[in-house]
Amino acid sequence: MSRLERIVRRVVGALLVVLAACSSAPPPPEWQSNAKAALDRAAAAYLGGDTRVADAEFDLARRELARTGRADLVAMAELTRCAVRVASLDVGPCEGFEKLRPDATPAERAYADFLASRVQAGDVALLPEHHRPLAAGGLGGDAATSALRSIDDPLARLVAAGVLFQDGRASLSTIELAVDTASVQGWRRPLLAWLGVQLALAEKAGDSAGAEHLRRRRALVQDAR
């Protein structure tokens, strides 16, 4: 399993875990534990809707990783930042990663392209296994939703849903699954974003009752801040 796959599958928690660690092993270097803790806090804060804390913690993690002089580690932190944004439909250039692209690994470059819905067919094998069908098969509709349901990690599922949405392949069932996933986790930011998509669709369809229900639900989430 690639280092990048562990990031996505374990919601950045395994990014800096020392491989094959045991009770007799020496403690990891300070930068590793500091960066891991900061990334954990950054992702949680962003998904919870606290941009200020998220930015501060991501910057801290980046500084700790930069101490190693390894662009690939810093690139993975930037990919984590972009992944949580895609999960929340905050779509835009992954500028922090693009500055590091020349020194990133092929798997990192492929994942960045996946997040931007432009991964090349020849790079699909470099993606996390659970994302490959969505990238390789051009899935949409019920097939895409089924593939999403098979992804156990909730953040990885939301990231994939965000990619489908960017690509115009997110069906009503895909959007509903994204809403449910964010709701179960209590992630305010992606929940508000996906509810907003549902609301827009309900209004477009002339579903007044459904739209009003969604407005009340969004207001409830907003009041929880």
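Residues numbered from 1 in each chain as written. Predicted model: local features only at pLDDT ≥ 70, side-chain atom pairs only at ≥ 80, totals over all residues. Heavy atoms only, no water.

### Remarks on the side chain of aspartate 153
Piece 1. Along the chain, aspartate 153 falls in the loop between helix 8 (141-149) and helix 9 (154-166).
Piece 2. Assessed through its relative accessible area of 13%, aspartate 153 is described here as buried.
Piece 3. A polar contact is formed between the side chain of aspartate 153 and the backbone nitrogen of leucine 155, at a distance of 3.0 Å. (Helix = DSSP H or I, 4+ residues; strand = E, 2+ residues; numbered from the N terminus. Buried < 20%, exposed > 50% of the residue type's maximum accessible area, 1.4 Å probe, protein only. Polar contact = N/O pair within 3.5 Å; in protein donor to acceptor, adjacent residues only side chain to side chain.)

### Quick look at the environment of aspartate 59
Piece 1. One can find aspartate 59 in helix 3 (residues 51-66).
Piece 2. The exposure class assigned to aspartate 59 is partly exposed, which follows from its relative accessible area of 34%.
Piece 3. Separated by 21 residues in sequence, aspartate 59 and alanine 38 have C-alpha atoms that sit 8.6 Å apart.

### Here's the deal with the nonpolar core
The nonpolar side chains of soluble globular proteins are, as a tendency, buried together.
Piece 1. Counting residues in hydrophobic clusters, the biggest one holds 66 residues, and the most contacted among them are Tyr111, Leu115, Leu134, Leu148 and Trp194.
Piece 2. Residue contributions to this core peak at 12 residues, all from helix 4 (residues 71-87).
Piece 3. Setting aside its immediate chain neighbours within four residues, tryptophan 194 contacts Ala87, Leu89, Leu158, Ala161, Gly162, Phe165, Ile175, Ala178 and Val179. (Core = buried A, V, L, I, M, F, W, Y, C linked by side-chain atoms within 4.5 Å. Contact = heavy atoms within 4.5 Å.)

### Here we look at the packing of helix 10 (residues 172-185) against helix 11 (residues 188-204)
Piece 1. Here helix 10 crosses helix 11 at 150°, and the two axes come no closer than 8 Å. It follows that helix 10 is roughly antiparallel to helix 11 by the angle criterion. Crossing geometry of helix 10 relative to helix 11 is assigned as left-handed. Two secondary-structure elements touch here, helix 10 through Leu172, Ile175, Glu176, Ala178, Val179, Ala182 and Ser183 and helix 11 through Pro190, Leu191, Trp194, Leu195, Val197, Gln198 and Leu201.
Piece 2. The residue inventory of the contact of helix 10 with helix 11, partitioned by class, reads 11 nonpolar, two polar and one charged. (Axes fitted to C-alpha atoms, helices over the stretch in contact; angles between N-to-C directions. Parallel < 35°, antiparallel > 145°, perpendicular 65-115°, else oblique. Left-handed = near helix turned anticlockwise from the far one by under 90°. Nonpolar A, V, L, I, M, F, W, Y, C, P; charged D, E, K, R; others polar.)

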